[in-house]
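The residues making up each chain are set out below.
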Amino acid sequence: MENPIIISNLNDFVFCPASIYFHNAYSGVDELTYQTSDQINGKAAHETIDTKKYTGAARIQSIDVYCEKYNLIGKIDLYDSATRALTERKKKISKIYDGQVFQLYGQYFAMTEMGYDVEKLLIHSLDDNKTYDIDLPENDPAMMKKFENLIKEIELFNLNDFRQNNPAKCLRCIYEPMCDRSV
Ligand code: SF4
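Residues numbered from 1 in each chain as written. Predicted model: local features only at pLDDT ≥ 70, side-chain atom pairs only at ≥ 80, totals over all residues. Heavy atoms only, no water.

A. Representation of the overall build of the protein in the model. Each helix and strand counted, the protein has seven helices and eight strands in total. Across the 183 residues of the protein, 39% fall into the buried class. The contacts in the protein between residues at least 6 apart in sequence include a share of 61% that link residues at least 24 apart. Split by element, the accessible area of the protein, about 10700 Å² in all, is 49% carbon and sulfur. (Helix = DSSP H or I, 4+ residues; strand = E, 2+ residues; numbered from the N terminus. Buried < 20%, exposed > 50% of the residue type's maximum accessible area, 1.4 Å probe, protein only. Contact = heavy atoms within 4.5 Å. Areas by Shrake-Rupley, 256 points an atom, 1.4 Å probe, with all protein chains shown as cover.)

B. Structural view of the site of the ligand. With respect to spatial proximity, the complete set of residues near the ligand consists of Cys16, Ala18, Ser19, Gln164, Cys170, Cys173, Glu176, Cys179, Arg181 and Ser182. Taken together, the residues of the shell around the ligand sort by class into five nonpolar, three polar and two charged. (Near = heavy atom within 4 Å. Nonpolar A, V, L, I, M, F, W, Y, C, P; charged D, E, K, R; others polar.)

C. Structural view of helix α5 (residues 98-113). Given a rise of 1.5 Å per residue, 16 residues ought to cover 22 Å, and the 22 Å separating the end C-alpha atoms of α5 matches this to within 8%. Within α5, 13 of the 16 residues are buried, which leaves it mostly tucked inside the rest of the structure. Gly115 lies just past α5 and shows a positive phi near 100 degrees. (Expected span 1.5 Å × (residues − 1).)

D. Local environment of the sheet that holds strand β4 (residues 72-75). Taking strand neighbours across the sheet as the criterion, the three strands line up as β1-β4-β3 in an open arrangement whose pairing is mixed. Among the strands making up the open sheet, the edge pair consists of β1 (5-6) and β3 (64-67). Both β1 and β4 contribute to a ladder of two bridges, which runs parallel. When the sheet's bridge partners are listed, Ile6 is paired in β4 with Ile73. On top of the sheet, α5 reaches β3 and β4; it is set at about 85 degrees to β3, its chief contact. (Pairing = 2+ DSSP bridges. Axes fitted to C-alpha atoms, helices over the stretch in contact; angles between N-to-C directions.)

E. View of the environment of Tyr108. Along the chain, Tyr108 falls in helix α5. Taking the C-alpha atoms as reference points, Tyr108 and Thr87, separated by 21 residues in sequence, lie 9.7 Å from one another. Beyond its immediate stretch of four places on either side in the chain, Tyr108 contacts Leu86, Val118, Leu121, Leu136, Pro137 and Glu138.

F. Molecular detail of the pairing of strand β7 (residues 120-125). Most of β7 sits out of view: five of its six residues are buried. As paired elements, strand β6 (residues 85-90) and β7 share six bridges and run parallel to each other. Paired with Lys90 across the strands is Ser125, a residue of β7. With α5 bridging β6 and the parallel β7, this β-α-β connection has right-handed handedness. By the bridge criterion, five bridges tie β7 to strand β8 (residues 130-134) in an arrangement that is antiparallel. Bridging across to β8, Ser125 finds its partner in Lys130. (Right-handed = clockwise from strand over helix to strand, strands pointing away.)

G. Region of interest: the nonpolar core. In terms of nonpolar packing, the biggest core is built from 32 residues, with Leu10, Leu72, Leu86, Tyr105, Leu121 and Phe147 touching the most fellow members. Taken together, the elements giving at least two residues each to this core come down to α1 (7-15), β3, α5, β7 and α6 (141-156). It is α5 that contributes the most residues to this core, eight residues altogether. Excluding its chain neighbours within four sequence positions, the residues that come into contact with Tyr105 are Leu121, Ile134, Asp135, Pro137, Asp140, Met143, Met144 and Phe147. (Core = buried A, V, L, I, M, F, W, Y, C linked by side-chain atoms within 4.5 Å.)

H. A look at the environment of Ile73. By the secondary structure assignment, Ile73 is in strand β4. Not counting chain neighbours up to four residues away, the residues in contact with Ile73 comprise Pro4, Ile5, Ile6, Ile7, Val65 and Tyr66.

I. Seen up close, the packing of α1 against α6. Between α1 and α6, the least distance of the axes is 11 Å, while the angle of their chain directions is 85 degrees. Between α1 and α6, the angle is such that the two are roughly perpendicular. The segment α1 lies against α6, with Leu10, Phe13 and Val14 engaging Phe147, Leu150, Ile151, Glu153 and Ile154. Within the contact of α1 with α6, the residues separate by chemical class into seven nonpolar, no polar and one charged. (Parallel < 35°, antiparallel > 145°, perpendicular 65-115°, else oblique.)

These results come straight from atomic positions and should not be treated as a statement about function.
Put into structure tokens, the structure is as follows:
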């Protein structure tokens with residue numbers, strides 16, 4: 001079997017597949033050297049979850065999940081068994097990107113396969129305390145098709161053949177200085 005796809009990589013892959021390579025390559029290096037302040041703030045927001053400081057009787061957070069159907073592995077952010085809501089919290093959301101939705105889909109498919117009842121998908125922006133409802137994948141066939149195409153694309157991806165063609169992405173990419181595919 002192919003190596004599992006890391007759920008958080010779904011979002012990174014949509015931004016730029018090469019960024020996953022650099023993220024993995026530099027993950028052991030001093031993070032302050034390679035992370036923008038936005039990323040550091042975002043990570044701090046998630047530390048509350050990762051260190052299990054969040055309390056709530058009906059809530060679980062930061063559990064490892066696996067989805068056999070799409071061969072996905074990762075962690076969820078928050079699941080509330082009372083409301084059956086699965087939430088991904090981000091530091092600041094100004095716009096919902098497809099990659100963020102696919103990341104939540106990955107968590108959803110893993111949780112439902114593992115027997116959890118999930119009826120709501122939410123993305124929560126911590127800075128402005130806004131919550132965005134995301135349709136379940138079965139209620140959004142167009143996004144579901146995009147999600148499945150993304151899984152196939154990741155399975156077939158070869159970094160050697162990849163060329164970035166969107167300069168705007170490279171301009172806001174922290175890996176630009178060391179990336180030989182930058183445009
Ligand atoms: S610099 Fe451009 S091509 Fe390289 S990882 Fe960043 S976005 Fe991708």
